[in-house]
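# A structural walkthrough
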Protein chains: 2
Amino acid sequence: MPLKQYIEANSERFLGELLELLKIPSVSADPAYRKEVFNAAEYVKKSLEEAGVDKAEICQTAGYPIVYGEKIVDVRAPTVLVYGHYDVQPADPLELWDSPPFEPVIKKTGLHPNGAIFARGAADDKGQFFMHVKAFEAMLAGGELSCNVKFMIEGEEEVGSENLDIFVRANKEKLAADVVLISDTSMISLEHPSVTVGLRGLAYMQVEVTGPDKDLHSGTFGGSVANPINVLCKMIASLHDENNHITIPGFYDQVREYGKEYRDKLNQAPFDEGEFKRKLDIKETYGEKGYTTIERVGIRPTLDVNGIWGGYIGEGAKTVLPSKASAKISMRLVPDQDHRSIARLFENHFKSIAPPAVKVKVVPHHGGQAAVVPTDSHGYRAAEAAIMDAFGKKAIPTREGGSIPITALFQKVLGLDPILLGFGLDTDAIHSPNEHYGLDNYFKGIETIALFFKHFQLQHKK
Amino acid sequence: MPLKQYIEANSERFLGELLELLKIPSVSADPAYRKEVFNAAEYVKKSLEEAGVDKAEICQTAGYPIVYGEKIVDVRAPTVLVYGHYDVQPADPLELWDSPPFEPVIKKTGLHPNGAIFARGAADDKGQFFMHVKAFEAMLAGGELSCNVKFMIEGEEEVGSENLDIFVRANKEKLAADVVLISDTSMISLEHPSVTVGLRGLAYMQVEVTGPDKDLHSGTFGGSVANPINVLCKMIASLHDENNHITIPGFYDQVREYGKEYRDKLNQAPFDEGEFKRKLDIKETYGEKGYTTIERVGIRPTLDVNGIWGGYIGEGAKTVLPSKASAKISMRLVPDQDHRSIARLFENHFKSIAPPAVKVKVVPHHGGQAAVVPTDSHGYRAAEAAIMDAFGKKAIPTREGGSIPITALFQKVLGLDPILLGFGLDTDAIHSPNEHYGLDNYFKGIETIALFFKHFQLQHKK
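Because the structure is a prediction, the values reported are computed rather than measured.

The subject of this paragraph is the pairing of strand S3 (residues 79-85) of chain B. Residue and element names in this part refer to chain B. Most of S3 is tucked away: 7 of the 7 residues are buried. Alternating residues of S3 divide into Thr79, Leu81, Tyr83 and His85 and Val80, Val82 and Gly84, and every residue in both groups is buried. In the sheet, S3 pairs with strand S6 (residues 148-154) via 7 bridges, with the strands oriented parallel. In the sheet register, Val82 faces S6, and the bridge partner there is Phe151. Pairing analysis gives 4 bridges linking S3 to strand S7 (residues 179-182), with the strands arranged parallel. Across the sheet, Tyr83 pairs through a bridge with Ile182, a residue of S7.

Have a look at this one:
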């Protein structure tokens with residue numbers, strides 16, 4: 001049966017299987033969900049087996065397991081290594097979800113007239129890596145699988161992929177391939193299909209400021225001892241100057257600067273600043289002086305507080321002068337910043353700016369390197385051709401603000417440039433309440449992925 | 001039976017009755033405890049009746065009720081109006097309590113070799129106002145009650161006493177008295193008994209900063225839109241300058257400045273800065289340049305963040321760029337700052353410093369005026385004499401950092417200078433985990449209060 005027809009004939013099952021996976025709350029950041037993360041790994045293994053791999057296995061690590069599966073059709077054929085992750089972000093704040101995060105529902109929206117799946121992980125990354133499992137099944141069923149395929153689906157992407165790093169270094173031979181294919185990014189839109197050619201890195205820190213050793217009455221003590229919240233705010237505020245440049249000494253030393261030509265090309269991507277502001281209900285964008293919005297998220301590093309807490313946060317008023325205040329602070333990095341060096345720079349600087357009246361603790365959470373993908377490879381050309389076949393349009397290369405730390409790992413350890421063939425949209429609300437993934441994106445993605453395999457084999461023969 | 005003997009003979013019961021009251025979680029700030037606040041009012045009414053008042057009543061208000069009770073011994077005798085509050089602060093953070101906040105236990109400590117009662121409200125203010133009920137019982141039983149007494153015990157002190165304000169204005173005749181006696185402050189120590197002669201006012205605000213209308217992925221959007229946490233930190237940081245002066249325009253306009261003589265006298269109070277730092281485990285004190293610690297909490301206004309929250313505050317890492325960040329911010333005020341004017345100044349200023357990329361909401365919570373108590377009144381002299389009798393020492397007049405907003409109300413509406421005869425210690429951890437109140441403070445307080453009545457009647461006759 002031709003590929004497109006097979007996908008259509010099996011679309012209900014392809015969707016149902018994904019919904020089952022989305023029901024498993026595999027939140028890797030929260031130990032309360034530990035068992036569910038393991039359950040998700042089992043589900044992935046079973047899915048690979050049912051799709052037709054030669055073998056599938058659960059590879060234990062010091063943390064959550066990596067699911068590996070492979071199908072070798074011909075030792076002379078090129079091999080595609082598919083990477084994805086079955087863990088998801090925490091679902092908080094729960095009260096902002098219109099439906100429970102782990103009870104997927106299909107709803108139509110303005111952007112998704114044919115419906116979208118609403119659930120935590122729908123787009124990031126269960127809905128996206130599962131397209132590969134189904135594309136593989138479809139190719140195999142239609143006798144069209146022209147490349148060998150190796151699946152490596154991990155469970156710790158949302159917490160830093162530390163054990164994947166170890167696994168990859170220890171299994172270079174097993175993972176040997178000609179390209180890594182990843183769907184964990186966005187495209188501009190179904191009308192403007194794009195391929196991500198750059199990703200930012202990440203350094204994620206947690207800080208704690210301690211003033212007095214216990215909570216105090218703000219009347220009796222207010223004005224005489226350092227209030228750790230006030231101090232933390234002052235310290236955080238000082239991390240940007242009046243032009244929104246980051247003030248950590250040495251922070252920009254390794255940042256790659258781009259010439260006018262490169263920046264002009266980048267700014268040609270279709271982007272409507274007015275629509276961007278309307279969608280987010282903001283009056284103005286906000287960022288580093290001297291750069292456009294596309295540049296700010298594409299080629300410039302940032303520093304954002306992801307969470308802050310301290311003192312009384314319940315209803316009503318409590319006149320406490322708290323002992324502690326804390327924040328989670330992350331920096332998005334660009335080539336050639338090294339996330340470990342940046343974490344060290346941050347830690348040293350943050351401690352240095354604390355007044356002597358407080359104590360400061362800095363704990364690095366996790367990090368990953370930024371990556372740039374070349375556009376002159378077999379893999380990139382195969383992606384372009386697949387998109388041309390599926391969408392009838394030339395793919396637009398984009399630099400994306402998010403981080404997939406393992407991208408740099410594959411380049412360094414396996415010597416493979418990953419192809420970032422994502423089908424999500426920026427509006428999918430990944431990491432937010434009401435995350436969703438368009439049904440059209442899901443099925444168009446399955447088709448495009450299968451076409452990638454066809455074109456990759458053709459490129460390889462050249 | 002002589003007073004002291006009666007107190008000793010009944011000490012176990014005097015303690016047991018307080019412990020029962022402390023078991024009622026009458027948290028006025030949290031609607032979840034609504035029923036318990038009413039239960040506490042009932043308990044107070046019953047206690048007054050059992051102690052021997054002519055009549056006791058629960059006076060309903062738009063919020064929590066005011067318990068009123070009176071005993072008229074002689075229409076020609078002077079009348080003492082006793083004020084206190086039966087509501088308590090929230091007990092959070094619960095995990096920092098060594099024993100449950102509403103299951104009082106007696107434990108010995110270094111400062112309290114004879115034991116202290118550990119419970120929310122032990123010192124603020126259940127343990128303190130209850131001394132008056134027991135002193136009254138003791139005087140009555142011994143035939144020594146020489147003044148008329150009126151009790152007014154409210155349930156909204158910790159949330160701003162809004163309905164007390166209305167009640168006092170509407171019941172001037174009923175509340176007519178010659179002095180207001182309040183035990184809701186600290187003394188320096190049992191070795192250095194003191195009387196509070198100044199209190200700071202309060203303006204308590206809640207602020208909310210909104211960036212994008214939903215939580216976003218900090219990778220995809222970081223650097224292009226205003227992060228409300230970063231912005232809130234910047235705004236809060238800007239509220240103090242490098243000398244820790246508050247930067248709100250007009251904030252200091254009404255602050256009373258004191259001459260060298262007054263400040264010198266204030267600084268003569270026994271205070272050991274080294275011990276202060278050791279007790280709080282801090283390397284340095286921290287506050288407004290140009291003032292001592294005693295001045296900073298006594299005669300200078302302050303601005304403290306009492307709580308802050310935004311973004312992801314759970315375990316692990318979540319790369320969210322949140323939609324909102326919030327803070328509770330309170331200002332301690334001094335004469336002659338008006339808390340309503342200050343709240344307006346704050347609101348206007350805070351909105352004016354917000355960048356156009358965010359929206360800001362400011363909600364005033366509650367406030368109260370600062371107060372100064374004259375030291376040449378019958379009441380103050382009676383307090384001095386009572387302390388001399390009970391402690392064998394001259395009372396030290398102190399300016400305290402906390403606020404009892406109703407102090408100014410009594411001065412203005414009833415024309416009465418309150419006597420702030422508190423027996424707590426700064427180390428009692430009021431508004432904090434492990435709040436406690438010394439048994440010696442409790443029983444010595446009962447004795448001193450009874451002596452106050454004796455001396456007030458003598459002063460009155462002069």
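With that out of the way, let us pick up unusual backbone geometry. With omega at 5°, the peptide bond leading from B:Asp124 into B:Asp125 counts as cis. Going from B:Pro335 to B:Asp336, the amide bond is cis rather than trans, its omega being 0°.

All right, on to the sheet that holds strand S14 (residues 359-368) of chain A then. As summarised here, the arrangement of the 8 strands in space is S14(A)-S9(A)-S13(A)-S11(A)-S11(B)-S13(B)-S9(B)-S14(B), forming an open sheet in which the pairing is antiparallel. Edge positions in the open sheet fall to S14 of chain A together with strand S14 (359-368) of chain B, since each of these has one partner strand only. Going from strand to strand, the sheet's axes swing by 20° on average, the running direction of each strand aside. Each of strand S9 (201-210), strand S11 (302-311), strand S13 (324-333) and S14 of chain A is contacted by helix H11 (residues 339-352) of chain A, which is oriented at about 165° to S14(A), the strand it contacts most.

In this numbering, the UniProt entry assigns the feature "domain: Peptidase M20 dimerisation" (unreviewed entry) to residues 197-356 of chain A. Strand forms 23% of residues 197-356 of chain A and helix 31%; the C-alpha atoms that close the span are 45 Å apart.

All names here are of chain B. Of all 6 residues in strand S2 (residues 66-71), 6 are buried, a share of seventy percent or more. Residues Ile66, Tyr68 and Glu70 line one face of S2 and the alternating positions Val67, Gly69 and Lys71 line the opposite face, and both faces are buried. Relative to S2, strand S1 (residues 55-59) runs antiparallel, the two sharing 5 bridges. Among the inter-strand pairings, Cys59 is bridged to a residue of S2, identified as Ile66.

All names here are of chain A. Close contact between helix H2 (residues 11-22) and helix H3 (residues 34-51) brings their axes to 10 Å; oriented N to C, the two are set at 160°. Taken as axis vectors, H2 and H3 run roughly antiparallel relative to one another. Crossing handedness for the pair H2 and H3: left-handed. Counted together, Glu17, Glu20 and Leu21 of H2 and Ala40, Tyr43 and Val44 of H3 form the full contact between these two elements. Looking at the contact of H2 with H3 residue by residue, the classes come out as 4 nonpolar, no polar and 2 charged.

Counting residues at the interface gives 89 residues for chain B, matched by 89 residues for chain A. Overall, the association of chain B and chain A removes approximately 7500 Å² of surface from exposure, summing both partners, and the carbon and sulfur fraction of that is 55%. Joining chain B to chain A, the criterion identifies 2 salt bridges. Among the ionic pairs, A:Asp281 bridges to B:Lys359, the shortest N-O distance being 3.3 Å.

We now examine the domain arrangement of chain A. Residues and elements named next belong to chain A. Assigned domains of chain A: these are domain 1 (3-199 + 370-461) and domain 2 (201-255 + 301-368). With 12 residues of domain 1 in contact, the opposing surface of domain 2 contributes 10 residues. In total, about 740 Å² of surface goes out of reach between domain 1 and domain 2, with carbon and sulfur atoms giving 55% of it. Per-residue buried area on domain 1 facing domain 2 is highest for Ala370, Ser403 and Pro405; these three make up 54% of the total on that side. Along the contact surface separating domain 1 from domain 2 lie 0 residue pairs in polar contact (both at pLDDT 80 or more). Of the residues belonging to the side of domain 1 that touches domain 2, the class tally is 5 nonpolar, 4 polar and 3 charged.

Time to look at the pattern of salt bridges. Scanning the entire structure with this criterion turns up 50 salt bridges over all chains. Residue B:Lys214 is joined to B:Asp213 by a salt bridge in which the shortest nitrogen-to-oxygen separation is 3.1 Å. In this structure B:Asp213 comes out as partly exposed when scored by relative accessible area, which is 40%. Note that B:Asp264 and B:Lys260 form a salt bridge whose closest N and O atoms lie 2.6 Å from each other. With B:Asp264 and B:Lys260 both in helix H8 (residues 260-266), this residue pair falls 4 residues apart, about one helical turn. Take B:Asp264: its relative accessible area is 35%, and that puts it in the partly exposed class. Taken together, the shared-partner salt bridges in this structure form one network comprising A:Arg13, A:Glu17, A:Lys134 and A:Glu137.

Glancing now at the side chain of A:Ser161. Inspection of the secondary structure puts A:Ser161 in the loop between strand S6 (148-154) and helix H5 (162-170). Setting aside chain neighbours within four positions, we find A:Ser161 in contact with A:Tyr83, A:Glu154, A:Glu156 and A:Ile406.

On to the relation of the copies chain B and chain A. Once chain B is rotated about the relating axis by 180° and shifted along it by 0.0 Å, it coincides with chain A to within an RMSD of 0.1 Å. Interpreted geometrically, this transformation is the action of a two-fold axis. Same-surface contact between copies: 100% of interface residues of chain B are shared with the interface of chain A.

Glancing now at the side chain of B:His431. Tracing the sequence through the fold places B:His431 in the loop between strand S17 (418-420) and strand S18 (436-438). Of note is the side chain of B:His431, whose polar atom sits 2.9 Å from the side chain of A:Thr319. Side chain to side chain, B:His431 and B:Asp124 meet in a polar contact 3.0 Å long. Not counting residues up to four positions away in its chain, the partners in contact with B:His431 are A:His217, A:Lys318, A:Thr319, A:Val320, B:Gln89, B:Arg120, B:Asp124 and B:Glu158.

Residues and elements named next belong to chain B. Given a rise of 1.5 Å per residue, 18 residues ought to cover 26 Å, and the 26 Å separating the end C-alpha atoms of helix H3 (residues 34-51) matches this to within 8%. When H3 is considered as a whole, its buried residues turn out to be Val37, Ala40, Ala41, Tyr43, Val44, Ser47, Leu48 and Ala51. Buried residues of H3, viewed axially, fall in a sector of 160°; they line one side. For H3, exposure combined with an orientation more than 90 degrees from the buried face picks out Lys35 and Glu50. In the segment just after H3, Gly52 is the residue with positive phi, at about 115°.

Cut-offs used in this document
Residues numbered from 1 in each chain as written. Chains lettered and ligands numbered in written order. Predicted model: local features only at pLDDT ≥ 70, side-chain atom pairs only at ≥ 80, totals over all residues. Heavy atoms only, no water. Buried < 20%, exposed > 50% of the residue type's maximum accessible area, 1.4 Å probe, protein only. Helix = DSSP H or I, 4+ residues; strand = E, 2+ residues; numbered from the N terminus. Pairing = 2+ DSSP bridges. Axes fitted to C-alpha atoms, helices over the stretch in contact; angles between N-to-C directions. Contact = heavy atoms within 4.5 Å. UniProt positions renumbered as here; feature names shortened; annotations may be inferred. Parallel < 35°, antiparallel > 145°, perpendicular 65-115°, else oblique. Left-handed = near helix turned anticlockwise from the far one by under 90°. Nonpolar A, V, L, I, M, F, W, Y, C, P; charged D, E, K, R; others polar. Buried area = accessible area lost by both parts, 1.4 Å probe. Salt bridge = Lys/Arg side-chain N within 4 Å of Asp/Glu carboxyl O. Domains from an automatic or database assignment. Polar contact = N/O pair within 3.5 Å; in protein donor to acceptor, adjacent residues only side chain to side chain. Least-squares fit on C-alpha atoms with pLDDT ≥ 70 in both. Expected span 1.5 Å × (residues − 1). Arc of directions from axis to C-beta.

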